[in-house]
Amino acid sequence: MADTINSTTNSTASGNSTTSGGTGRAEGNLVARFFRATEIDTRLLGMIGALLVIWVGFHILTGGLFLTPRNLWFLSVQTASVAVMATGMVLVIVTRNIDLSVGSILGFTGMIMGVLQAQLLPQVLGFNHPATWAIALAGGLVVGGLIGAFQGSIIAFLNVPSFIVTLGGLLVWRGATWYVTSGQTVAPMDANFRLMGGGTDGSIGATWSWIVGVLACLAIVAAIVNGRRQRKRFHFPRRPIWAEYVLAGLGCIIVLGVVSIANDYYWPINIARRYAEANGIAWPEGGLFISHGIAVPVLMAIAVGIVMTFIATRLRFGRYVFAIGGNPEAAELAGIKTRWVTVKIFALMGVLCAIAAAISTARLNAATNAQGELDELYTIAAAVIGGTSLSGGVGTIAGAMLGALLMQSLQSGMVLLGIDTPFQRIVVGAVLVLAVWLDTVYRAKAK
């Protein structure tokens, strides 16, 4: 009897000990459970953490100049063109290719669009015709797509490595840019075309910014609800309800925070005064405060990011791209036309370069021969820093766009600190090498 009591006591004590240890482990794994439930990408979260560290560090070093509405607004505009190209570079690198010609294609298509609207179209349509900007943009998109398809065809059907083809393209299209105008700068751009570059006219103002923000919040909620319904429909595991609320809340907070910062940057006093005089507005005693709101190029970059995410995650083409990157031989045996997919990827990359060229040309209000120089470095760095593996098969559009913001943040901060351009390039190159090394370490641990 005593032995039975002792055995029961020992079992109870052992059970209590196990329960206590389980509770400790549960508490210790609370963060891991949170990330599993919400399905937040920890690598993406790490990038956000690194970005915040960079921002706070530069804010301290610059004496409070970095984290101001003015600087953050300009930072978003400066990031737009590289972010657009980085979304395409993700698909290129995922298929184990590379495109070194994106900067030169940007410069060439930008010069084509500049010549169309500044020299050719005015002779046909007249100056300030409302269709000028659309025809110029369409011309640039067609040229960019053809260049990308041409390079992709050489890579896919002639089996020339993408590194060599696009390295040649870097030189060819840069030289072709010079020959279009014999080295002359083309300016100014059409007034409607310039809206794509940002500035006081190239922004949507406070009211429309809040409208866009609210619509974005509704879209986030709708996407989460639809995703939950689709998981239920196909009997896939669903996130806990509280995780859905957390994701929706975080998304809306970020969106409305961005809108608030954009609206806190006001027009310069001289421009606001001219606007008041032109519209018969009495100048208030404390001054006239007109918000810039979200810049048009930022909206263009976000739209491209959404479309590219849809292509990469929802369309058959996107699945083919990742299948080729994961195992090209298996993809070929599965019936995927890998060569045509490669051509389409590079054609899409050319179109994205043209969109980036439109943003860059509109912001400069001119097409120059130096436009897009070293943009290939920043674009590749943005994709790699954003988690795209050079070994292929892995990459996200959101990560690449965040990588572009990180790269531009480094450059903007160094400019505010007065650091020389050569040293800025040293830092960018070092960051690129560090990102590739970290990716290698991460994948080695994953195996």
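Before reading on, note that the structure itself is shown above.
Note that the coordinates shown come from a computational prediction; the quantities given were computed from them, not determined experimentally.

Draft legend 1. Structural detail: a nonpolar patch on the surface. Residues Trp-208, Ile-211, Val-214, Leu-215 and Leu-218 make up a contiguous nonpolar surface patch of roughly 520 Å² in combined accessible area. Ile-211 gets classed as partly exposed once you look at its relative accessible area, which sits at 35%.

Draft legend 2. Seen up close, the packing of aromatic side chains. This model, assessed by the stated rule, comprises 13 aromatic pairs. On the numbers, 5.2 Å between centres and 70° between planes, the contact of Phe-157 with Trp-340 is edge-to-face. Taken as a pair, Phe-157 in helix 6 (residues 132-157) and Trp-340 in helix 14 (residues 338-364) lie far apart in primary sequence, 183 residues in all. For Phe-157, a relative accessible area of 34% puts it in the partly exposed group.

Draft legend 3. Seen up close, the pattern of salt bridges. The final tally for this structure, using the stated rule, is 4 salt bridges. With a shortest N-O distance of 2.7 Å, Glu-39 and Arg-231 are connected by a salt bridge. In this pair, Glu-39 is assigned in the loop between helix 2 (30-38) and helix 3 (42-61) and Arg-231 in helix 8 (residues 205-233), connecting sequence segments 192 residues apart. Residue classification places Arg-231 among the partly exposed residues on the basis of a relative accessible area of 22%. The closest approach of N and O atoms between Glu-244 and Arg-228, which form a salt bridge, is 3.1 Å. Here the residue Glu-244 occupies a position in helix 9 (residues 241-263), and Arg-228 occupies one in helix 8, the gap between them amounting to 16 residues. Assessed through its relative accessible area of 8%, Glu-244 is described here as buried. Within the structure, one salt-bridge network assembled from shared partners comprises Glu-39, Arg-228, Arg-231, Arg-239 and Glu-244.

Draft legend 4. Examining the packing of helix 4 (residues 69-94) against helix 16 (residues 397-416) more closely. One can describe the packing of helix 4 onto helix 16 by two numbers: an axis separation of 8 Å at closest approach and a directional angle of 140°. Accordingly, the angle class assigned to the pair helix 4 and helix 16 is oblique. Taken as a pair, helix 4 and helix 16 cross one another with a handedness that is right-handed. Contact with helix 4, carried on its side by Asn-71, Leu-75, Gln-78, Thr-79, Val-82, Ala-83, Ala-86, Thr-87 and Val-90, involves Ile-397, Ala-400, Met-401, Ala-404, Leu-405, Gln-408, Ser-409, Ser-412 and Leu-416 of helix 16 and no other residues of that element. Taken together, the residues of the contact of helix 4 with helix 16 break down into 11 nonpolar, 7 polar and no charged.

Draft legend 5. The arrangement of the side chain of Thr-361 in detail. Take Thr-361: it is sitting in helix 14. For Thr-361, a relative accessible area of 0% translates into the label buried. A polar contact of 2.7 Å, which involves the side chain of Thr-361, links it to the backbone oxygen of Ala-357.

Draft legend 6. Spatial organisation of helix 3. In this model, helix 3 (20 residues) spans 28 Å end to end at C-alpha, consistent with the 28 Å of a helix rising 1.5 Å per residue. Here helix 3 has its buried residues at Met-47, Leu-51, Ile-54, Trp-55 and Phe-58. Taken around the axis of helix 3, the buried residues stretch over an arc of 100°, which confines them to a single face. Projecting away from the buried face of helix 3 at angles above 90 degrees are the exposed residues Val-53 and Ile-60. In this fold, the buried residues of helix 3 make contact with helix 4, helix 15 (375-385) and helix 16. The positive-phi residue at the C-terminal boundary of helix 3 is Gly-63, with phi of around 70°.

Draft legend 7. Up close: the side chain of Thr-338. Relative to the helices and strands, Thr-338 resides in helix 14. Within polar-contact distance, the side chain of Thr-338 engages the side chain of Glu-332 at 2.5 Å. Those residues within four positions of Thr-338 in sequence are excluded, and the remaining contacts are Ile-324, Pro-328, Ala-331 and Glu-332.

Draft legend 8. Expanded view of the nonpolar core. In terms of nonpolar packing, the biggest core is built from 88 residues, with Val-84 and Ile-385 touching the most fellow members. Here the element with the most residues in this core is helix 4; it accounts for 14 residues. Excluding anything up to four places from it in sequence, Val-84 contacts Ala-301, Val-304, Leu-352, Ile-355, Ala-356 and Ile-359. Core analysis: the next-biggest nonpolar cluster, separate from the first, contains 8 residues, Val-77, Ala-262, Ala-295 and Val-298 among them.

About the cut-offs
Residues numbered from 1 in each chain as written. Predicted model: local features only at pLDDT ≥ 70, side-chain atom pairs only at ≥ 80, totals over all residues. Heavy atoms only, no water. Patch = residues over 30% accessible without salt bridge, like charges linked within 9 Å, V, L, I, M, F, W, Y side chains within 5 Å. Areas by Shrake-Rupley, 256 points an atom, 1.4 Å probe, with all protein chains shown as cover. Salt bridge = Lys/Arg side-chain N within 4 Å of Asp/Glu carboxyl O. Buried < 20%, exposed > 50% of the residue type's maximum accessible area, 1.4 Å probe, protein only. Phe/Tyr/Trp six-rings, centres within 6.5 Å; stacked < 30°, edge-to-face > 60°. Helix = DSSP H or I, 4+ residues; strand = E, 2+ residues; numbered from the N terminus. Axes fitted to C-alpha atoms, helices over the stretch in contact; angles between N-to-C directions. Parallel < 35°, antiparallel > 145°, perpendicular 65-115°, else oblique. Left-handed = near helix turned anticlockwise from the far one by under 90°. Contact = heavy atoms within 4.5 Å. Nonpolar A, V, L, I, M, F, W, Y, C, P; charged D, E, K, R; others polar. Polar contact = N/O pair within 3.5 Å; in protein donor to acceptor, adjacent residues only side chain to side chain. Expected span 1.5 Å × (residues − 1). Arc of directions from axis to C-beta. Core = buried A, V, L, I, M, F, W, Y, C linked by side-chain atoms within 4.5 Å.

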